[in-house]
Amino acid sequence: MRPDAIKILTGNSHPDLAKAVAERLGLNLSPCVVNKFSNQEINVRIGESVREEDVFIIQSGCGDINDSLMELLILANACKTASARRITAVIPNYPYARQDRKDKSRAPITAKLIANMLTTAGCDHVITLDLHASQIQGFFDIPVDNLYTEPIMINYVKSSIPDWEDAVVFSPDAGGAKRATALADRLNVNFGLIHRSRVRNGDNKEEDHMDVVVGNVEGKVAILIDDMVVSAQTLKLASTELAKKGATAVYAIVSHGLMSKSAMEIIPKLPIKKIAVTNTIPQVENKQKLGEKLDVMDVSATIGEAIRRQHNGESISLLFGDVKL
């Protein structure tokens, strides 16, 4: 890698991850100040030249998501007008990813809007992790690398879950079945599926209910796989059902730990031995609150290797294998 030809910038969304990625590449973050004027407009100042440089802007969709998004767009546009050779937006957690289709009348497809905004701002390439829906890649007219956290999850299962060889990997809904089956195949273990439905209770009010429709978990370890956790309601229903079906232990492995305040109150009470999330979202405060119940999987090596390979014009297919970086 030619360190004089690459610049790594970051805004305020996740500076710790950006610093970890830069350290793995043997680089320093380029000096950059991102703050607000008194009227709440975002102000960006890049402290060194980016002319004819390969620029990577690491900014995750977390915290104040709208501020994080505007910071990314303004940084990209500032680099474009400063004659950067190529601008890559590295977005560990893609914002508005759940608004990827028109599921009701007059509903916006905001994930497509974000794609248009990134392109207009000047981005030439996007790197992200575990998109909520893979078809979001088709919203872009520029290259998109959707990296998978599956290899990291496999390494976690093998190193941190006792008796994983006899476990059953479960998806809490049909939408995540492909993700769960892929992980189960790689681990050579059984797969299960939980169906979510709405039933009427004694007061004639509808409430969510889950049933195991595929897989036998009695006397076995259950591993729940999902791409994100926000309110933890799905996690609550699924883990409770698996415990009722006789699972000896329940583990949850989630790509993006977007845990709300209500989720932080629910998770300690769940019949889950461990919940593992990646650090695409800052997890320092969550770790302090949940303690040993929360494990954090580091994605800085995956992102750093993707950046190195793109900068050098190498294939990134290695990152989809069962490897330790």
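Conventions used here
- The written sequence of each chain sets the order in which its residues are numbered from 1.
- Local features in this predicted model are restricted to residues of pLDDT 70 or higher, and side-chain atom pairs are both shown and tallied only at a pLDDT of 80 or more, whereas totals for entire chains, interfaces and linings draw on every residue.
- The side-chain figures draw on all heavy atoms in the structure; neither hydrogens nor water molecules are used.
- Nonpolar cores are built from buried Ala, Val, Leu, Ile, Met, Phe, Trp, Tyr and Cys residues. Side-chain atoms within 4.5 Å join them into one set.
- The cut-offs for exposure are 20% and 50% of the maximum accessible area for each residue type, with area from a 1.4 Å probe on protein chains only; residues under the lower value are buried, those over the upper are exposed, and the others partly exposed.
- Helix numbers and strand numbers start at the N terminus; a helix is a DSSP run of H or I with at least 4 residues, a strand a run of E with at least 2.
- Segment limits for the domains were obtained from an automatic or database-derived domain assignment.
- Here, residues are in contact when the closest pair of their heavy atoms is within 4.5 Å.
- By buried area we mean the combined loss of accessible area, with a 1.4 Å probe, across both parts when two parts are placed together.
- By definition here, a salt bridge exists when the distance from a side-chain nitrogen of Lys or Arg to a carboxyl oxygen of Asp or Glu is within 4 Å.
- The term polar contact refers here to a pair of N or O atoms within 3.5 Å; inside protein, the definition further demands a hydrogen-donor-capable atom paired with an acceptor-capable atom, and it admits residues adjacent in sequence only when both atoms are side-chain atoms.
- Note that Gly is not counted as nonpolar here; it falls among the polar residues with everything else outside the nonpolar set of Ala, Val, Leu, Ile, Met, Phe, Trp, Tyr, Cys and Pro and the charged set of Asp, Glu, Lys and Arg.
- Strands are labelled as partners when DSSP assigns at least two bridges between them.
- Here the axes come from fitting lines to C-alpha atoms, over the contacting stretch only for helices, and the angles between their N-to-C directions go from 0 to 180 degrees.

A.B. asks: Whenever I open this one, the nonpolar core confuses me. Can you help?
C.D. replies: Where a protein is soluble and globular, its nonpolar side chains tend to be buried together. By size, the foremost hydrophobic cluster in this structure holds 41 residues, and its most contacted members are Ile161, Val169, Leu187, Ile223, Ile253, Ile303 and Ile307. The element that contributes the greatest number of residues to this core is helix 4 (residues 150-160), accounting for five residues. Taken domain by domain, this core gets at least three of its residues from each of domain 1 (6-147 + 300-319) and domain 2 (150-278). Those residues in contact with valine 169, other than ones at most four positions away along the chain, are Ala180, Leu183, Ala184, Leu187, Val189, Asn190, Phe191, Gly192, Ile223 and Ile225. Counting 33 residues, the second-largest nonpolar core is a separate cluster that includes Ile57, Leu69, Ala111 and Val126.

A.B. asks: Before we go on, may I ask you to explain the domain arrangement of the protein in this structure?
C.D. replies: Buried accessible area, meaning the area lost when the parts come together, often serves as the stated size of an interface. Splitting the protein by domain gives domain 1 (6-147 + 300-319) and domain 2 (150-278). When each unit is reduced to the centre of its C-alpha atoms, the spacing between domain 1 and domain 2 is 30 Å. At the junction of the two partners, domain 1 supplies nine residues and domain 2 supplies 10 residues. Summed over both partners, the interface of domain 1 with domain 2 buries about 720 Å², with 49% contributed by carbon and sulfur atoms. On the surface where domain 1 and domain 2 come into contact, there are zero salt bridges. Inspection of the domain 1/domain 2 interface yields four residue pairs in polar contact (both at pLDDT 80 or more). Classifying every residue of the side of domain 1 that touches domain 2 by side-chain character gives three nonpolar, four polar and two charged.

A.B. asks: When you look at the sheet that holds strand 6 (residues 125-129) in this model, what are you seeing that I'm missing?
C.D. replies: Neighbouring strands of a sheet are bound in pairs by backbone hydrogen bonds; such pairs are parallel or else antiparallel. Strand order in the open sheet formed by five strands is 1-4-5-6-7, with parallel pairing between adjacent strands. With one partner strand each, in any of the chains shown, strand 1 (6-10) and strand 7 (144-147) form the two edges of the open sheet. Each adjacent strand pair in this sheet contributes to an overall mean axis angle of 15 degrees, direction not counted. Bridge count for strand 6 against strand 7 is four bridges, and the pairing is parallel.

A.B. asks: When you look at the pattern of salt bridges in this model, what are you seeing that I'm missing?
C.D. replies: Close approach of charged atoms allows side chains with opposite charge to pair. Evaluation of the coordinates by the stated rule reveals 12 salt bridges. Of the charged contacts, one joins arginine 86 and aspartate 54 as a salt bridge, the two residues approaching to 2.7 Å between their closest N and O atoms. In this pair, arginine 86 is assigned in strand 5 (residues 86-91) and aspartate 54 in strand 4 (residues 54-58), connecting sequence segments 32 residues apart. Judged by its relative accessible area of 0%, aspartate 54 falls in the buried class. For arginine 186, the salt bridge goes to glutamate 150, with nearest N and O atoms at 2.4 Å. Within this pair, whereas arginine 186 is found in helix 5 (residues 177-187), its partner glutamate 150 is found in helix 4, the two being separated by 36 residues in sequence. Taking relative accessible area as the criterion, arginine 186 reaches 30% and is therefore assigned partly exposed. What makes glutamate 150 buried here is its relative accessible area of 17%. One salt-bridge network, held together by shared partners, links Glu305, Arg308, Arg309 and Glu314.

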